[in-house]
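# Topology and contacts: notes
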Amino acid sequence: MADNGNRRPDPDKGGSFKDLFAPVAGFGVTFATMFRKVQTEEYPEQKRPTQLRFHGRHQLNRHPDGLEKCVGCELCAWACPADAILVEGANNDDAAGERFSPGERYGRVYQINYLRCIFCGLCIEACPTRALTMTNEYELADDNRADLIFTKDQLLAPVLSGMLPAPHPMVEGMDERDYYLGKVTGATPAQQEWVERHDGDTTVDEPDTLPVEHQEAGQHAGEGRP
Amino acid sequence: MSGSTTTQNDAFGASTPGDAPEDTPVINAVGGDWDSVTDEATALHEERIVVNMGPQHPSTHGVLRLILELDGETVTEARAGIGYLHTGIEKNMEFRTWTQGVTFCTRMDYVMPLFNEAAYCLAVEKVLGITDQIPERANVIRVMMMELNRITSHLVALATGGMEMGATTVMTIGFRERERILRIFEMVTGLRMNNSYIRPGGVAQDIPAGCIDAIREMMPLLRKGIGELEALLNENPILKGRTVDVGYLDLTGCIALGVTGPVLRSTGYPHDLRKSEPYCGYETYDFDVPTADTCDAYGRLRIRLDEMYQSMRIVEQAVQRLDDTPGPVMVADKKIAWPAQLAVGSDGQGNSLDHIREIMGESMESLIHHFKLVTEGFRVPPGQAYAAVESPKGELGCHVVSTGGTRPYRAHFRDPSFNNLQAVAAMSEGGAVADVIVAVASIDPVMGGVDR
């Protein structure tokens, strides 16, 4: 063994006594370990919190007034190296009462296939509106494939206080840019009134409940990439 | 002749052509009654048998298949059968952008993900000609993460190697200590393994607040844990009996077979790319290259232990520099730098609201850049480059070829596990079967890297 002095930056060990007992030093380790706290983690009874940056389940966020942040640009699907994301955008239509996001477009179909997702985080880095974020939730196991294709209703963030679930018009007097500049702070009485008036009779699209339909050839995000 | 055995020459029984006479009986045990197999073997008065050790053998580091020809307990011929974990990573990378390639190559040798990323990114940066423009802070972070990764890799090597020899305590201590570093990785990259953290041009994001303190708190505990491993291993008579003079491969053999890493250094040759061809500023760090002159499994084990101390030295220096060098962690060229500015909020981790404000509210040009880089990626001028890093297992090289497009024409990796695995035959032929396990453990191959 080439001895190069610097092997241990703080040489606090050594001496002939140590050398004498070196062959059985392992017993010392074993004995000392008996008096130590057990390192085993008692999952699932006790869950160790993840670090803040942990890449967990995705979430589709809302603006403070409840409109969806996703504009259906498909950048997440483009960034995804595993082709796990499927997005289909559609036009917002104020006249028909179909206003889901500020601006022109919204994500009508949004699916993340957790059988494919590798949790690399390129999608959240790609999202230009912070519509897509990753939470710290990691318990994503299931016993069948269909349930692991998460649809938009599963991914959407909960409606917090001050928010109104889409669809509803934008805050009056605000345009799309104002949302991104942080000028919108919550739903207004006018939006509240609109939602109450249109409760249940907006002609929204069918809820996205059949994920398999969108996996047909030519429809999957990532096919036809350059 | 029973249905389960055959005396015909077959692919599994054949060794080198001309090695055995044509009529050599081959008994191929593929089920049936074991007694009839042994009866036939006994009737031949022949002890030479071929054993497939693996690919599902717990002692062969994943899905490595060793084809051993045994004469009694002595190995007369050893061949490594590989390919059971082939995932087409290199080919897949040709169909992804240069940035997306990181998420693929990090999964090759999954015990040292950050080295895979570093080798790939250094090669891409070489073709781009931006090696000098990588920010100092990014290089320091790379060095720190790589050295932490080196410790985890060596801990796994010792842990699994110990377990294969029956020392479960070595395994539990090894993985216990590795966990400390994986928590740091989780803190910095959001992932414990397969980090996709090092990107062409720098790193994905700066280290989080409190990270340096966490590392400084972790280091003494880690040092203590590795000290325990040393106490268990260094002079343990049983371990020395299993490893001393086992898996012998001298310098000539190493050079002839292209073997690098701890195996090469166990012959006394202090070859280390961090010293001989420095990258990421390694020439500015103070560390030694541990060597041994025993050429055996025991020497490699001691080298791994020593290298962990050297890595801790480098990490301590890097942490100090991180305190002193603020600055960007991604190359300034906006045509290359992946545009993300991540921030953690109550809604999880995503692009920071400042970044959103800029691209969506203020600068249309930034938005166009963002879209171009994410959808198409950056273009790399035609050319090719080879970049190599000193991984825990040896020289990990990456050869990328670009035809000027947004995707690699070819990304080839010289994975040290693959090259070092050649040495199995030289190390284990003539020894006992039990020594094959020790020899393979001393090479520390990871099949994800071998097969790619």
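Thresholds applied
- Residues numbered from 1 in each chain as written.
- Chains lettered and ligands numbered in written order.
- Predicted model: local features only at pLDDT ≥ 70, side-chain atom pairs only at ≥ 80, totals over all residues.
- Heavy atoms only, no water.
- UniProt positions renumbered as here; feature names shortened; annotations may be inferred.
- Buried < 20%, exposed > 50% of the residue type's maximum accessible area, 1.4 Å probe, protein only.
- Contact = heavy atoms within 4.5 Å.
- Helix = DSSP H or I, 4+ residues; strand = E, 2+ residues; numbered from the N terminus.
- pLDDT = per-residue confidence, 0-100.
- Disulfide = S-S within 2.5 Å.
- Pairing = 2+ DSSP bridges.
- Axes fitted to C-alpha atoms, helices over the stretch in contact; angles between N-to-C directions.
- Left-handed = near helix turned anticlockwise from the far one by under 90°.

All names here are of chain A. Using the residue numbers shown here, the UniProt feature "binding site: [4Fe-4S] cluster 1" (unreviewed entry) corresponds to C70, C73, C76 and C127. In summary, the annotated positions, though distributed over 58 residues, converge in three dimensions, the widest C-alpha pair being only 10.4 Å. For C70, a relative accessible area of 12% gives the class buried. Apart from the residues lying within four places of it in its own chain, the contact partners of C70 are L60, S101, R105, Y106, G107, Y110 and A131. Tracing the sequence through the fold places C73 in the loop between strand 1 (58–60) and helix 3 (75–79). In this structure C73 comes out as partly exposed when scored by relative accessible area, which is 27%.

Caution applies to low-pLDDT regions: their predicted coordinates should not be interpreted in detail. All names here are of chain A. Overall, the prediction assigns chain A a mean pLDDT of 79, with 81% of residues at 70 or greater. With pLDDT under 50 throughout, residues 1–7 is counted as low confidence; its partners more than four residues away or in other chains account for 19 contacts. Within the model, the stretch residues 202–226 combines pLDDT values under 50 with 50 contacts to residues more than four positions away or in other chains.

In total, this model carries zero disulfides over all chains according to the counting rule given. Residue C73(A) stays outside any disulfide, its sulfur separated by 6.3 Å from that of C76(A), the closest cysteine. C211(B) takes part in no disulfide bond, and the closest cysteine sulfur to it belongs to C280(B), at a distance of 17 Å. Residue class for C211(B) comes out buried when judged on its relative accessible area of 0%.

Here the focus is the sheet that holds strand 2 (residues 65–71) of chain B. Pairing between the strands of a sheet comes from backbone hydrogen bonds, and it takes one of two forms, parallel or antiparallel. All names here are of chain B. Within the open sheet, the three strands sit side by side as 1-2-3. Their pairing is antiparallel. The sheet is open, and its two borders are formed by strand 1 (48–53) and strand 3 (74–81), each paired with just one other strand. Within this sheet the neighbouring strands show an average axis-to-axis angle of 20°, counted without direction. Here strand 2 pairs with strand 3 via seven bridges, running antiparallel. Opposite E69, over in strand 3, you have E77 as the bridge partner. Contacts between helix 17 (residues 433–443) and the sheet are confined to strand 1, strand 2 and strand 3, with strand 2 contributing the most and set at about 150° to the helix.

The subject of this paragraph is the packing of helix 4 (residues 113–128) of chain B against helix 5 (residues 136–164) of chain B. Residues and elements named next belong to chain B. It is the contact of helix 4 with helix 5, at a shortest axis distance of 8 Å, that shows an interaxial angle of 145°. Here helix 4 and helix 5 pass one another in a crossing that is left-handed. Packed against helix 4, whose contacting residues are P113, L114, F115, A118, C121, L122 and E125, the element helix 5 presents R142, M145, M146, N149 and R150 at the interface.

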